[in-house]
Amino acid sequence: DMMCLDAKSVTERACRSCGGSGIETFLEFGKTPLADRLLTSSDIGEPEPIFPLRVAFCKDCSLVQITETVNPIVLFADSYPYYSSFSPALLKHSRANALDLINRRGLGPESLVIELASNDGYLLKNYVEAGMRVLGIDPADGPAAAAERAGVPTRCAFFTRDLAETLRAQGMRADIIHANNVLAHVADTNGFVAGIARLLKDDGVAVIEAPYVEPLIEHCEFDTIYHEHLCYFSVTALDKLFRRHGLYLNEVKHLSIHGGSLRLYVESRENVGATVKEQLAHEASRGIDAIGYFRDFSTKVDALKRDLSTLLRRLKSQGATIAAYGAAAKGATLINTVGIGCDLVDFVVDRNVHKHNKYMPGQRLPIRSTEALLEVQPDYVLLLAWNFVDEILDQQAEYRARGGKFILPVPTPRII
Ligand code: JHZ
């Protein structure tokens, strides 16, 4: 389906990747609000837009995807609150990636590195420091302006096939194209990949990170499902997607970030390595390339939602006070699908100053700075940003030393 930009959302009837009509729904959340659309106090009286959130599997190309496409301008362009640089672990992970590529690919001052969805420049600044030419592309004006301030030249735009043609016509071809946590966010999946193919040098490499569908299912990370995430990739589905555009997934690495991600090395020359062959074989043996693998997920999600709700209600009835940590997008899915409102959780804390004094979508929990944990010393803190558990437990040593406890929602709710 073509996206109508005037419409707020479109329900897809065909697969986002292969266009096939055999998409089967295996998980339904009903209608939910937009995960990163934090509310200001003046929004509180207003009704919030809500959209169907439904997950499906394509029998033709194995891609897991949601069926509703919310207008990307609504999702990303206007007051997008996500800034990558608030996580030291993410900064470290990104710097290691850049240094490894500079080293392995022998990059020098002539090299050009382009990042799609460059956010606040968290990754490209490492290449700037090393003296390389860079270009960031990102549609979110706040993060893009922050990148410019950090010395990362950034074009505030959506990356499309047309933009790739324009840049190429201006003589730009990239040695490295980074695209982290964006491939799953793009409504025109094929146009985006075609754009990468056009912008890459013949011997260039696209280094792409995306959450992996296997840990999502195995660890019941259902909260990472929201309207920004249109696709939930397997290597099987990715391999087909790239090949359609004359690109080859030649190497894949597993990363622990964001609950389990893939780093893909994609080139215009076919040179499929053992890591990709093994992963394809693994997915076939686990059945990840067939609908059967996904059929009981909905039952597992329901059990987790029920267990978490029961736990929070029990603690509350015993007189406990509960806060939450991380005004994350995934936190919005969790609180809105489980039904965690102000009757259970008093407030959410977050290090991102752009989120302070706002409210979580749907349940409208107020967002405060992390200092509030020591000021209030709630008995429990529900860890919405569970993907950064180690980092956050270290940082909250004082709160824990004073007797505070964290509640981890996934893979099974537990107190730590
Ligand atoms: P975090 C975002 O999802 C948005 P979210 C997006 N849709 C996406 O794809 C993924 O990232 C990759 C805060 N925090 O990063 C920062 C602290 O307060 O898991 C964030 O608000 N203290 C593009 O929003 C939130 O927690 C800390 O010490 O689900 C974490 O959100 C740390 C480490 C984080 O992603």
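What you are looking at is a predicted structure, and each value in this text was computed from that prediction instead of being measured.

### What to know about the sheet that holds strand E15 (residues 348–349)
Part 1 of the argument: Overall, mixed pairing links the six strands, which are arranged E16-E15-E14-E17-E18-E19 in an open sheet. The open sheet is flanked by strand E16 (367–368) and strand E19 (414–415), the only strands paired with a single partner.

### Here's the deal with the nonpolar core
Part 1 of the argument: Among the nonpolar cores identified, the biggest contains 112 residues, and Ile225, Phe242, Phe297 and Ile340 are the most heavily contacted of them.
Part 2 of the argument: By residue number, the principal contributor to this core is helix H10 (residues 297–317), which donates seven residues.
Part 3 of the argument: Inspection of this core shows a minimum of three residues originating in each of domain 1 (84–269) and domain 2 (297–415).
Part 4 of the argument: Not counting the four nearest positions on each side in its chain, Ile340 is found in contact with Leu308, Leu312, Leu334, Ile335, Val345, Gln363, Leu365 and Leu382.
Part 5 of the argument: Counting 20 residues, the second largest nonpolar core, distinct from the first, contains Ala98, Leu101, Ile102 and Ile176.

### Things to note about the site of the ligand
Part 1 of the argument: Taken together, 23 residues lie near the ligand, and Glu228, Lys330, Asp350, Arg351 and Gln395 sit nearest.
Part 2 of the argument: Lys330 has a polar side-chain atom sitting 2.7 Å from an oxygen atom of the ligand.
Part 3 of the argument: Here an oxygen atom of the ligand and a backbone polar atom of Arg351 are 2.6 Å apart.
Part 4 of the argument: Across the complex, the protein chains shield 96% of the 720 Å² of accessible surface that the ligand would expose by itself.
Part 5 of the argument: Counting residues per element, the ones that place at least two in the shell around the ligand are helix H11 (329–338) and helix H13 (389–395).
Part 6 of the argument: Broken down by element, the residue count for the shell around the ligand peaks at three residues, all from H13.

### A look at the domain arrangement of the protein
Part 1 of the argument: Under the domain assignment, the protein is made up of domain 1 (84–269) and domain 2 (297–415).
Part 2 of the argument: Placing a centre on the C-alpha atoms of domain 1 and another on those of domain 2 gives a separation of 30 Å.
Part 3 of the argument: Contacts between domain 1 and domain 2 engage 17 residues on the former and 21 residues on the latter.
Part 4 of the argument: Between domain 1 and domain 2, roughly 1,700 Å² of surface is buried when both sides are summed, and carbon and sulfur atoms account for 73% of that area.
Part 5 of the argument: Ranking the residues of domain 1 by area buried against domain 2 places Phe86, Phe222 and Asp223 at the top, with a combined share of 42%.
Part 6 of the argument: The interface formed by domain 1 and domain 2 includes zero salt bridges.
Part 7 of the argument: Elements represented by at least two residues in the side of domain 1 that touches domain 2 include exactly helix H2 (88–104) and helix H7 (213–218).

### Some points on the packing of helix H8 (residues 235–243) against helix H9 (residues 274–286)
Part 1 of the argument: Their axes nearest at 9 Å, the elements H8 and H9 cross at an angle of 125 degrees. Here H8 lies oblique to H9, going by the angle between them. Within the contact between the two elements, H8 uses Val235, Thr236 and Asp239 and H9 uses Val276, Gln279, Leu280 and Glu283.

### Quick look at the sheet that holds strand E3 (residues 50–58)
Part 1 of the argument: With antiparallel pairing, the four strands of this open sheet are ordered in space as E2-E3-E4-E11. Two strands lie at the open edges of the sheet, namely strand E2 (23–33) and strand E11 (231–232), each paired on one side alone.
Part 2 of the argument: Examined bridge by bridge, strand E4 (residues 64–66) and E11 share two bridges and lie antiparallel to one another. Along E11, the bridge assignment pairs Gln65 with Cys231.

### Points about the packing of helix H5 (residues 161–169) against helix H6 (residues 189–199)
Part 1 of the argument: The geometry of H5 relative to H6 is characterised by a closest axis approach of 7 Å and an angle of 15 degrees between their N-to-C directions. Accordingly, the angle class assigned to the pair H5 and H6 is roughly parallel. Considering only the axes of H5 and H6, their crossing is left-handed. Taking contact as the criterion, the partners of Arg161, Ala164, Glu165, Leu167 and Arg168 in H5 are, on H6, Gly191, Ala194, Gly195, Arg198 and Leu199.
Part 2 of the argument: Residues belonging to the contact of H5 with H6 are distributed by class as follows: four nonpolar, two polar and four charged.

Cut-offs applied
Note on numbering: residues in each chain are counted from 1, in written sequence order. Restriction of local features to residues with pLDDT of at least 70 applies here, the model being predicted, together with a cutoff of 80 or more for giving and counting side-chain atom pairs; totals for whole chains, interfaces and linings are based on all residues. Neither water nor hydrogens contribute to the side-chain values; these are computed over all heavy atoms in the structure. Strand pairing requires that DSSP identify at least two bridges connecting the strands. A run of DSSP states H or I qualifies as a helix once it reaches four residues; a run of E qualifies as a strand once it reaches two. Both are numbered from the N-terminal end. In these notes, a set of buried Ala, Val, Leu, Ile, Met, Phe, Trp, Tyr and Cys residues joined through side-chain atoms within 4.5 Å is what counts as a nonpolar core. The cut-offs for exposure are 20% and 50% of the maximum accessible area for each residue type, with area from a 1.4 Å probe on protein chains only; residues under the lower value are buried, those over the upper are exposed, and the others partly exposed. For each domain, the first and last residues come from an automatic or database assignment. A contact between two residues is defined here by any heavy atoms of the two lying within 4.5 Å. A molecule or strand has a residue near it when one of that residue's heavy atoms lies within 4 Å. Polar contact is defined as a pair of N or O atoms within 3.5 Å, subject to the rule that within protein one atom must be able to donate a hydrogen and the other to accept it, and that residues adjacent in sequence are counted only when both atoms are side-chain atoms. Here the accessible surface of atoms and residues is derived via Shrake-Rupley with a 1.4 Å probe, and residues count as covered only by protein chains that are part of the display. Buried area is calculated as the accessible area (1.4 Å probe) missing from two parts once they are joined, with the contributions of both summed. Just to be clear on terms, a salt bridge is a Lys or Arg side-chain nitrogen sitting within 4 Å of an Asp or Glu carboxyl oxygen. Axis definition: a line fitted to C-alpha atoms, limited for helices to the stretch in contact. Angles are taken between N-to-C directions and run from 0 to 180 degrees. Should an angle lie under 35 degrees it is considered roughly parallel, over 145 roughly antiparallel, and from 65 to 115 roughly perpendicular; all remaining angles are considered oblique. What makes a crossing left-handed is the near helix being turned counterclockwise from the far one by less than a right angle; a clockwise turn instead makes it right-handed. In the scheme used here, Gly and all other residues not listed as nonpolar or charged are polar, with Ala, Val, Leu, Ile, Met, Phe, Trp, Tyr, Cys and Pro taken as nonpolar and Asp, Glu, Lys and Arg as charged.

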